[in-house]
Amino acid sequence: MPSENATQGSASLWTTILTDVHFWVPLIVLAAGLAVLHWIR
Amino acid sequence: MEFSAPKMSSPSIESARLRKLQLVGVLCGFGAGAWLGAAEAPTKLVKLGISPLVVSLLMVAGVFLARWSLPALIRGTGQMRADIRQAPHLIVWGILAGCLWAVANTLTIFAIRDIGLSIAFPLWNINSLLGIFWGYLLFNELRDAGRIRWLTVLGGALLMFAGATLLAFASSAQSPAEHPVRGILAALAAGVLWGTMYVPYRKAYLTGMNPLSFIAFFTIGELGMMATLAVAYGGGPVALWRQLAEAKEVLFWLMLGGFVWVIGDLFQQYAAKYIGISRGIPLSNTNQLWGLLWGILVFGELHGRSASLYAQVIGGSLLMAAGAGAIALSSVTGSEHARWKQAAEREGRRYGVDAGYVEAGLSGNDSNAAASGLAAQSGRTWLDWLLVIAATAIFFTLAVFARAPSLALNWPALVTLTIAMVIFLFACGLALWRVTRFN
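Residues numbered from 1 in each chain as written. Chains lettered and ligands numbered in written order. Predicted model: local features only at pLDDT ≥ 70, side-chain atom pairs only at ≥ 80, totals over all residues.

Undergrad: Help me get a handle on the overall build of chain B, residues and values and all.
TA: Secondary structure assignment for chain B yields 20 helices and 0 strands. The 439 residues of chain B split such that 56% are buried. Long-range contacts, defined as pairs at least 24 residues apart, comprise 90% of the intrachain contacts of chain B with a sequence gap of at least 6. (Helix = DSSP H or I, 4+ residues; strand = E, 2+ residues; numbered from the N terminus. Buried ≥ 20, exposed ≤ 12 C-beta atoms within 10 Å, placed from the backbone. Contact = placed C-beta atoms within 7 Å.)

Here is the structure:
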């Protein structure tokens, strides 16, 4: 079933991304930056 | 997480090749400084009361056009599709990096407004120190590099920071600090965001992605985030559209600034790829020197000021040059490069990227050809030409509506600096072509 494999592959890719520290470091910094921007504007 | 040292799957890049790649990286770092510094020049021509958010949005629009048309012209979008097939996960990091840039750029506008450029600029230049930290922590940069290289890179970055502080105070000492705490926080936050933005850059290039592909995804995050901020903080879409319509005569200059910035950023990306972020960011930060040259020589910003101010400028410039020189001379050793390779192999294993693709990207060869075993498809399609023609047509149309600035410009200085930039463009472009064929 190619479409099922593709879905599983996509889910697996997202799991890998979401457990990668390289993803969370920039995301947390981005959220903090947005908070600062919201506060100072 | 896989942090154990893997076995080497293939021999390290030969030292002659490594030396060439590093020279290209250093040259690109200096080229980035020249072009990024010049990017502010067109915005100085804008003297109307346009909101800072709109200025930033229009520059980003110029960036968007350039980032889709230049790669199409240089390499063709077919190569971009091949890169996505190899490493689809990097689209996420490209968009994330673009969002970081947009928020940081907006924060700098508020920082300049609150504390002036003199204090804000050196504060956000902490990005190079943060880049060294992330490079070491996450990507094995400067590991096994030896004490001397640590000293030269860190010392060079600190020298540049000191020089930047002197230059910034000299360039706009007249700016009053209206809201010091708020402004300092904004500048520091911008530095942290810009320093962290290089984490996605480095991740992409360690994996083997071509900078010309990565910047295309970057720009989607950048334009999306900037448009959201402009709409959210600019009074809604109707108010934003009205401001854009009122700015018709200056659209060209702002978007030209964005276009120039893209060329600088492209060189910055190649510098990050071949010499790492710990060395690439400080070299790109020489943009402050170039910005000052444009300000003093072309726009006559410090005309008639005291001798002590000029002494500050010369002192700051010498400090920055010394710092940049130290970093440029701190070459990557074979053992440090082996640690880079470990980090690259870790990335490849984690995301199932073809080992040949990763290896070829690290050594500046055609990653897609290495992965598929096929010759690279360098031809351009109708889509590439359409992108180039559309971007050119938009710029020409905006140029027709543009009004010539009524500023007193020093034309000989402007021509000289432009020639210097073109020399950098050709030198970097030629070096990249000869050593890597833009791979």
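Undergrad: Please set out the overall build of chain A residue by residue, giving values where relevant.
TA: Per the secondary structure count, chain A includes 2 helices and 0 strands. When burial is assessed residue by residue, chain A has 15% of its 41 residues classed as buried.

Undergrad: A description of helix H2 (residues 21–40) of chain A should follow, citing residues and the corresponding values.
TA: With 20 residues, H2 of chain A extends 29 Å between its outermost C-alpha atoms, agreeing within 8% with the 28 Å of an ideal straight helix rising 1.5 Å per residue. Within the span of H2 of chain A, buried status applies to Pro26, Val29, Leu30, Gly33, Val36 and Leu37 of chain A. Along the long axis of H2 of chain A, the arc covered by the buried residues comes to 125°, so they all point the same way. Of the exposed residues in H2 of chain A, those oriented more than 90 degrees away from the buried face are Val21, Trp24, Ile28, Ala31, Ala35, His38 and Trp39 of chain A. Contacts from the buried residues of H2 of chain A go to helix H5 (90–115) and helix H9 (180–207) of chain B. (Expected span 1.5 Å × (residues − 1). Arc of directions from axis to C-beta.)

Undergrad: Break down the interface of chain A and chain B for me, with residues and values.
TA: Facing the 15 residues of chain A at the interface are 25 residues of chain B. Tallying contributions element by element places H2 of chain A first for the side of chain A that touches chain B, with 11 residues. Residues of the side of chain A that touches chain B, tallied by class, amount to 11 nonpolar, 3 polar and 1 charged. (Nonpolar A, V, L, I, M, F, W, Y, C, P; charged D, E, K, R; others polar.)

Undergrad: Describe in detail the packing of helix H12 (residues 251–275) of chain B against helix H19 (residues 382–401) of chain B, supporting the description with residues and values.
TA: Residues and elements named next belong to chain B. For the pair H12 and H19, interaxial distance at closest approach is 8 Å and the crossing angle is 140°. Regarding the angle of H12 to H19, the classification is oblique. Counted together, Leu251, Phe252 and Met255 of H12 and Leu398, Ala399 and Phe401 of H19 form the full contact between these two elements. Residue composition of the contact of H12 with H19, grouped by class: 6 nonpolar, no polar and no charged. (Axes fitted to C-alpha atoms, helices over the stretch in contact; angles between N-to-C directions. Parallel < 35°, antiparallel > 145°, perpendicular 65-115°, else oblique.)

Undergrad: Explain the nonpolar core to me, and be specific about the residues and the numbers.
TA: All names here are of chain B. Grouped together as the largest cluster of nonpolar side chains are 149 residues, with contacts concentrated most on Trp35, Leu100, Val103, Leu107, Ala190 and Leu193. The element best represented in this core is H12, accounting for 18 residues. Setting aside its immediate chain neighbours within four residues, alanine 190 contacts Ala104, Leu107, Thr108, Ala111 and Trp124. (Core = buried A, V, L, I, M, F, W, Y, C linked by C-beta atoms within 7 Å.)

Undergrad: I'd love a proper account of the confidence of the model for chain B, names of residues and values included.
TA: All names here are of chain B. The predicted model of chain B averages 80 in pLDDT, with 88% of residues at 70 or higher. Within chain B, the lowest mean pLDDT, 59, falls on helix H18 (residues 367–372), and the highest, 92, falls on helix H20 (residues 411–436). Here residues 1–11 is a poorly scored stretch, pLDDT under 50, and it has 10 contacts once near neighbours within four places are set aside; other chains count. Predicted as a complex, the structure gets a pTM of 0.80 and an ipTM equal to 0.88. (pLDDT = per-residue confidence, 0-100.)

Undergrad: Tell me about the environment of isoleucine 263 of chain B, and name the residues and values.
TA: All names here are of chain B. The residue isoleucine 263 is located in helix H12 in this model. With 23 C-beta atoms packed within 10 Å, isoleucine 263 lands in the buried category. For the pair isoleucine 263 and histidine 337, spaced 74 residues apart in sequence, the C-alpha to C-alpha distance is 27 Å. Excluding anything up to four places from it in sequence, isoleucine 263 contacts Trp35 and Leu425.

Undergrad: With reference to specific residues and values, describe unusual backbone geometry.
TA: Residues and elements named next belong to chain B. Of note in this structure, asparagine 140 is not a glycine but carries a positive phi near 65°. When you line up the elements, asparagine 140 lands in the loop between helix H7 (127–139) and helix H8 (147–171). Take asparagine 140: there are 24 C-beta atoms within 10 Å of it, and that puts it in the buried class. Backbone geometry at leucine 142 places phi at a positive 65°, although glycine is not the residue there.

Undergrad: Residue-level account of the packing of H9 of chain B against helix H16 (residues 334–351) of chain B, with values.
TA: Residue and element names in this part refer to chain B. As a packed pair, H9 and H16 sit with axes 8 Å apart at the nearest point and diverge in direction by 85°. Classed by the angle they form, the pair H9 and H16 counts as roughly perpendicular. In this structure, H9 contributes Lys203, Leu206 and Thr207 to the contact, and H16 contributes Ala343, Ala344, Glu347 and Gly348. Split by residue class, the contact of H9 with H16 holds 3 nonpolar, 2 polar and 2 charged.

Undergrad: So what's going on with the environment of alanine 35 of chain A? Which residues, and what values?
TA: Residue and element names in this part refer to chain A. Mapped onto the secondary structure, alanine 35 falls in helix H2. In this structure alanine 35 comes out as exposed when scored by C-beta crowding, with 11 C-beta atoms within 10 Å. Between the C-alpha atom of alanine 35 and that of glycine 9, which follows or precedes it by 26 residues, the distance is 34 Å.

Undergrad: How would you summarise helix H4 (residues 77–86) of chain B if you had to cite specific residues and measurements?
TA: Among the residues of H4 of chain B, those classed as buried are Gln79, Met80, Ala82, Asp83 and Gln86 of chain B. The buried residues of H4 of chain B occupy an angular sector of 160° when projected down its axis, which confines them to one face.

Undergrad: Lay out the environment of isoleucine 184 of chain B with the relevant residues and their values.
TA: Residue and element names in this part refer to chain B. With respect to the helices and strands, the residue isoleucine 184 is situated in helix H9. The sequence separation of isoleucine 184 and alanine 120 amounts to 64 residues, and the corresponding C-alpha distance is 6.8 Å. Other than its neighbours up to four places away in sequence, isoleucine 184 contacts Ile115 and Leu123.

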